Number of protein chains: 2
Amino acid sequence: MSIPIPGQQVRGSKSGKPIMALLDLLGRTWALGVIWNLSQGPATFRELQQRCEQISPSLLNTRIKELKQLSIIEVVDEGYTLSQQGVDLFTIISPLSSWSKDWAANIETAKPQLEN
Amino acid sequence: MSIPIPGQQVRGSKSGKPIMALLDLLGRTWALGVIWNLSQGPATFRELQQRCEQISPSLLNTRIKELKQLSIIEVVDEGYTLSQQGVDLFTIISPLSSWSKDWAANIETAKPQLEN
DNA sequence: AACACTTGCTACTAAATCAGTAGCAAAGTA
DNA sequence: TACTTTGCTACTGATTTAGTAGCAAGTGTT
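These figures come from a predicted structure and were not determined experimentally.

**Topic: the interface of chain B and chain A**
Argument step 1. Counting residues at the interface gives 43 residues for chain B and 43 residues for chain A.
Argument step 2. In total, about 3,900 Å² of surface goes out of reach between chain B and chain A, with carbon and sulfur atoms giving 71% of it.
Argument step 3. On the chain B side of the interface with chain A, the three residues burying the most area are Ile-92, Trp-99 and Trp-103 of chain B, jointly 18% of the side's total.
Argument step 4. Viewed at the interface, chain A and chain B are joined by 0 salt bridges.
Argument step 5. In this assembly, chain B and chain A are joined by 6 residue pairs in polar contact (both at pLDDT 80 or more).
Argument step 6. No other element matches helix α6 (residues 96-114) of chain B, which puts 11 residues into the side of chain B that touches chain A.
Argument step 7. Of the residues contributing to the side of chain B that touches chain A, the split by class is 25 nonpolar, 11 polar and 7 charged.

Pasting the structure below:
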């Protein structure tokens with residue numbers, strides 16, 4: 001598995017645009033989930049694993065390596081934590097929480113039409 | 001492949017929380033990319049495929065079905081377009097573009113340390 | 001009508017990624 | 001010393017993605 005370094009080709013994109021590298025990174029299983037769960041505060045490996053609903057350690061470790069190398073998370077005494085950049089990133093995506101609730105309510109309403 | 005409907009279990013999460021369904025959805029290859037590229041305006045199937053750097057038609061179709069069923073994109077005369085909810089979603093994530101540029105610049109600077 | 005194009009999409013195979021489980025080395029604790 | 005906890009690696013099987021070929025339906029042209 002290669003880490004999507006901005007400026008280089010990434011999975012599915014040859015442009016090297018930073019946004020494509022980011023979308024590649026965030027488009028990996030649990031990448032957003034790890035960031036999301038770390039926003040609650042630092043966590044040890046096993047605690048982070050619990051927050052992520054028992055994600056397998058191999059996958060968690062892979063995600064950690066990627067996010068660490070890309071300076072989104074970092075290691076501190078208490079375990080892993082979001083870096084300043086990671087915090088900024090989370091700030092951007094945090095409104096997704098309330099958006100997703102509206103969305104869920106809407107889909108609920110629209111359900112009868114989903115059959116088509 | 002099952003579509004991550006909020007309120008039900010999704011890949012990696014049994015909680016049924018809307019945010020987890022959303023993170024699952026967005027954590028699939030090209031889901032964010034499709035939304036990103038549709039934000040430029042409606043596109044036909046083949047044009048969308050081009051905007052997504054020749055994503056394979058089978059995968060594009062899969063993503064389209066998911067996003068359509070979840071009311072994030074919809075069909076219009078010109079092809080596919082973001083729904084109002086999709087536009088709202090894009091509004092939230094659009095700052096990722098500038099964030100990713102800062103991020104890229106930062107990683108560039110930090111590169112000598114990446115070797116460790 | 002016959003032909004050539006375009007469009008939306010399905011089918012299929014191979015490669016990559018993810019899930020799930022077992023377990024080990026190192027560090028801490030009793 | 002023996003027992004736990006922690007961080008992590010290894011391995012296997014299942015799922016997802018990439019890449020390519022191509023077809024049916026619609027459109028335009030001659």
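**Topic: the protein's contact with DNA strand C**
Argument step 1. Looking at DNA strand C, there are 16 residues lining it, with Leu-59 and Arg-63 of chain A together with Arg-46, Asn-61 and Tyr-80 of chain B nearest.
Argument step 2. Separating a phosphate oxygen of DNA strand C from a backbone N or O atom of Phe-45 of chain B is a distance of 3.0 Å.
Argument step 3. Looking at the surface near DNA strand C, its residues break down into 6 nonpolar, 6 polar and 4 charged.

Rules and cut-offs
Residues numbered from 1 in each chain as written. Chains lettered and ligands numbered in written order. Predicted model: local features only at pLDDT ≥ 70, side-chain atom pairs only at ≥ 80, totals over all residues. Heavy atoms only, no water. Contact = heavy atoms within 4.5 Å. Buried area = accessible area lost by both parts, 1.4 Å probe. Salt bridge = Lys/Arg side-chain N within 4 Å of Asp/Glu carboxyl O. Polar contact = N/O pair within 3.5 Å; in protein donor to acceptor, adjacent residues only side chain to side chain. Helix = DSSP H or I, 4+ residues; strand = E, 2+ residues; numbered from the N terminus. Nonpolar A, V, L, I, M, F, W, Y, C, P; charged D, E, K, R; others polar. Near = heavy atom within 4 Å.

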